Amino acid sequence: MASKFDKAHWLAFLLPAALLGGAYGSQYIGGLFPCEMCWWQRYPHFAAVAIALVAFGVSNAGFRKTLVALSALATATSGLIGGFHAGVEYGYWEGLTACTATISGSGDDLLKSIMNAPLVRCDVAPWTLFGISLAGYNFLLSFGGAMLILAMIWRSKKI
């Protein structure tokens, strides 16, 4: 039977990996192009996955516990960015004034790509479920999950 710490470790790996999978799925399958703040939310998830993976190869119990906690903190960071982004989308506060667009091509096609690129605003939620945007769900899942992971680490007596 897996210990509480082992469960926390797996959660520290699987949660950000699943959220990244959802983000890329919504982008490439659902056609929801990310804005600048959406990208910011992905970077800590990449770090969380990498740190949790490294922790699987560490034999020192204390160092492993520290790495899993760092992975949880990276996930929490993504959640906090998501919370800020959701606040911008809901109009609670002002966010960035920049927007993002995806372009590709070369030469004459480059100008055409720029002119036809979808403009993605950070202050408009492109999709909601029950009134909660993707950034809002990232806040709820990432921050809540990170707090759960940290609580599981705290409550684990031994590794």
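Computed from a predicted structure; not experimentally measured. Counting of residues starts from 1 at the beginning of each chain's written sequence and follows it residue by residue. Local features are withheld for residues below a pLDDT of 70 in this predicted model, meaning they are given only at 70 or higher, and side-chain atom pairs are given and counted only at 80 or more; totals for whole chains, interfaces and linings count all residues. The basis for every side-chain value is the complete set of heavy atoms in the structure, and neither hydrogens nor water enter the calculation.

Peer 1: Would you take a moment to explain the overall build of the protein for this structure?
Peer 2: Runs of E in the DSSP output that reach at least two residues are strands. Runs of H or I that reach at least four are helices, and both are numbered from the N terminus. Scanning the protein from N- to C-terminus turns up five helices and four strands. Listing the helices and strands of the protein from first to last along the sequence gives α-α-α-β-α-β-β-β-α. The buried share of the protein, taken over its 159 residues, is 35%. Within the protein, contacts between residues separated by at least 24 positions form 74% of all contacts whose residues are at least 6 apart in sequence. Working definition of accessibility: Shrake-Rupley area with a 1.4 Å probe, residue cover restricted to the visible protein chains. Entry remark: accessible area of the protein is about 9,200 Å², with carbon and sulfur atoms responsible for 67%. The classification of residues rests on relative accessible area computed with a 1.4 Å probe and restricted to protein chains. Under 20% of the type maximum is buried, over 50% is exposed, and intermediate values are partly exposed. What makes two residues a contact is simply this: any of their non-hydrogen atoms within 4.5 Å.

Peer 1: What's the story with the side chain of R64 in this structure? I'm lost.
Peer 2: Tracing the backbone shows R64 in helix 3 (residues 61–89). Here R64 falls in the buried class, since its relative accessible area comes to 14%. Polar contacts here mean pairs of N or O atoms no more than 3.5 Å apart (in protein, one a potential hydrogen donor and the other a potential acceptor; neighbouring residues in sequence count only if both atoms are side-chain atoms). Within the structure, the side chain of R64 is placed 3.2 Å from the side chain of D6, a separation counted as a polar contact.

Peer 1: What's the story with helix 3 in this structure? I'm lost.
Peer 2: Side chains three or four residues apart in an α-helix point the same way, a direct result of the helix having 3.6 residues per turn. To estimate the expected span of a helix, count its residues, drop one, and scale the result by 1.5 Å. Taking 1.5 Å of rise per residue, the 29 residues of helix 3 would be expected to cover 42 Å, and the 42 Å separating its terminal C-alpha atoms lies within 8% of that figure. Capping of helix 3 at its N-terminal end is provided by N60; its side-chain oxygen lies 3.0 Å from the backbone amide nitrogen of G62. Backbone geometry just after helix 3 places G91 at a positive phi near 80°.

Peer 1: Is there a simple way to explain the side chain of T75 in this structure?
Peer 2: Within the element layout of this structure, T75 appears in helix 3. Setting aside residues no more than four positions away along its own chain, T75 makes contact with L15, P16, H45, A48, S142 and A146.

Peer 1: What should I look at first to understand the layout of surface pockets in this one?
Peer 2: If a probe as big as a water molecule is rolled over the atoms, it shows which places are left empty. The calculated volume of the largest pocket comes to roughly 390 Å³. Each cavity reported here is a set of points on a 1 Å grid over the protein atoms alone in which a 1.4 Å probe fits but cannot get out, each pocket an open set with protein on both sides within 12 Å along at least five of seven lines, and each lining residue one with an atom within 4 Å of a point. As for the largest pocket, its lining consists of 22 residues, and the residues nearest its centre are A23, S26, L134, A135 and N138. Those elements that place two or more of their residues in the lining of the largest pocket are helix 1 (4–28), helix 2 (36–56), helix 3 and helix 5 (134–155). No other element matches helix 1, which puts six residues into the lining of the largest pocket. Amino acids are sorted into nonpolar (Ala, Val, Leu, Ile, Met, Phe, Trp, Tyr, Cys and Pro), charged (Asp, Glu, Lys and Arg) and polar (every other residue, Gly among them). Residues that form the lining of the largest pocket fall into these classes: 13 nonpolar, seven polar and two charged. Grid points are joined across faces, edges and corners, and a volume is the space filled by probe spheres set on the points.

Peer 1: What am I meant to see in the packing of helix 1 against helix 3 here?
Peer 2: Two numbers describe a pair of packed helices, the interaxial angle and the distance between the axes. Axis definition: a line fitted to C-alpha atoms, over the contacting stretch in the case of helices. Angles run 0 to 180 degrees between N-to-C directions. Where helix 1 contacts helix 3, the axes come no closer than 10 Å and their chain directions differ by 35°. Both helix 1 and helix 3 take part in a crossing whose hand is left-handed. For the pair formed by helix 1 and helix 3, the contact residues are F5, D6, A8, H9, A12, L15 and P16 on the first element and R64, K65, V68, S71 and T75 on the second. Left-handed describes a crossing whose near helix is turned anticlockwise from the far helix by less than a right angle; the clockwise case is right-handed.

Peer 1: When you look at the packing of aromatic side chains in this model, what are you seeing that I'm missing?
Peer 2: For any pair of aromatic rings, the description rests on two quantities: the centre-to-centre distance and the angle between the ring planes. Only the six-membered ring of Trp is used, alongside the rings of Phe and Tyr, when aromatic pairs are assigned; centres must lie within 6.5 Å, and planes under 30 degrees apart are stacked while those over 60 apart are edge-to-face, with the rest tilted. Scanning the model with the defined rule gives ten aromatic pairs in all. The interplanar angle of 75° and the centroid separation of 6.2 Å between the aromatic rings of W10 and F13 together place this pair among those described as edge-to-face. With W10 and F13 both in helix 1 and three residues apart, the pair spans about one turn of that helix. When its relative accessible area of 45% is taken as the criterion, W10 is described as partly exposed.

Peer 1: Can you walk me through a positive patch on the surface in this structure?
Peer 2: In this analysis, a patch consists of residues with relative accessible area above 30% that form no salt bridge, clustered at 9 Å for like charges and at 5 Å for the nonpolar side chains Val, Leu, Ile, Met, Phe, Trp and Tyr. Only one rule defines a salt bridge in this text: a Lys or Arg side-chain nitrogen within 4 Å of an Asp or Glu carboxyl oxygen. When charges are tallied, Lys and Arg are placed among the positive residues and Asp and Glu among the negative ones, while His and the ends of the chain are skipped. Here the site of a charge means atom NZ of a Lys, CZ of an Arg, CG of an Asp or CD of a Glu. Together, K4, K7, R155 and K157 line one region of the surface with positive charge. With respect to the helices, strands and loops of the structure, K4 is situated in helix 1. On the basis of relative accessibility, which here comes to 44%, the residue K4 falls in the partly exposed class.

Peer 1: So what exactly am I meant to see when it comes to the pattern of salt bridges here?
Peer 2: If you walk through the whole model with that rule in mind, you get one salt bridge. Note that R64 and D6 form a salt bridge whose closest N and O atoms lie 3.2 Å from each other. Remark: D6 occurs in helix 1 and R64 occurs in helix 3; sequence separation between them is 58 residues.

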